[in-house]
Amino acid sequence: MSKLFYTPREVAQILKISIRTLANKRALRTGAPYYKDGGVIRYPIVGLEHHINKKMHHNAKALR
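On a predicted model such as this, the values are computed, not experimentally measured, just so you know.

Caption draft 1: Focus on the side chain of Arg 26. Following the sequence through the fold, Arg 26 ends up in helix 2 (residues 19-28). Buried and unpaired, Arg 26 has no salt bridge, with Glu 10 as the nearest side chain of opposite charge at 12 Å. Apart from residues no more than four positions distant in its own chain, Arg 26 is found in contact with Pro 8, Tyr 34, Ile 41 and Tyr 43.

Structure follows, in structure tokens:
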């Protein structure tokens, strides 16, 4: 079975932010989608990829 979820530690490393900043983003509902069951938080890999792509900025000058 392939991996479906990241831990908060893995997501923080991927995004190069602290685990606490990740928690703050969850509380403010500005972060990536997550799944919580019995106090255990997991981030769906597909959801994280979508969140990152949605925030992606393209430099118009670089596209010329």
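The rest of the description comes next.
Caption draft 2: Main features of the nonpolar core. Within the largest apolar cluster, seven residues are counted, these being Val 11, Ala 12, Leu 22, Ala 32, Ile 41, Tyr 43 and Leu 48. Mapped onto this core, the elements with two or more residues apiece are helix 1 (8-15) and strand 3 (40-44). Every residue in contact with Tyr 43, bar those within four places of it in the chain, is listed here: Leu 4, Phe 5, Tyr 6, Thr 7, Pro 8, Val 11, Leu 22, Arg 26, Ala 32, Pro 33 and Tyr 34.

Caption draft 3: Structural view of helix 2. All of the buried residues along helix 2 are Leu 22, Ala 23 and Arg 26. Across the axial projection of helix 2, the buried residues extend over an arc of 100°, all falling on one side. Turned more than 90 degrees away from the buried face of helix 2, the exposed residues are Arg 20, Ala 27 and Leu 28. In this fold, the buried residues of helix 2 make contact with helix 1 and strand 3. Of the residues flanking the end of helix 2, it is Arg 29, one or two places downstream, whose phi is positive at about 60°.

Caption draft 4: The arrangement of the sheet that holds strand 3 in detail. With respect to topology, three strands assemble into an open sheet ordered 1-3-2, the strand pairing being antiparallel. With partners counted over all chains shown, the strands left at the sheet margins are strand 1 (5-6) and strand 2 (35-37), one partner each. Pairing geometry for strand 1 and strand 3, over two bridges, is antiparallel. The residue bridging Tyr 6 from the neighbouring strand is Tyr 43, located in strand 3.

Criteria and cut-off values
- Residues numbered from 1 in each chain as written.
- Predicted model: local features only at pLDDT ≥ 70, side-chain atom pairs only at ≥ 80, totals over all residues.
- Heavy atoms only, no water.
- Helix = DSSP H or I, 4+ residues; strand = E, 2+ residues; numbered from the N terminus.
- Buried < 20%, exposed > 50% of the residue type's maximum accessible area, 1.4 Å probe, protein only.
- Lys, Arg positive; Asp, Glu negative; His and termini not counted.
- Salt bridge = Lys/Arg side-chain N within 4 Å of Asp/Glu carboxyl O.
- Contact = heavy atoms within 4.5 Å.
- Core = buried A, V, L, I, M, F, W, Y, C linked by side-chain atoms within 4.5 Å.
- Arc of directions from axis to C-beta.
- Pairing = 2+ DSSP bridges.

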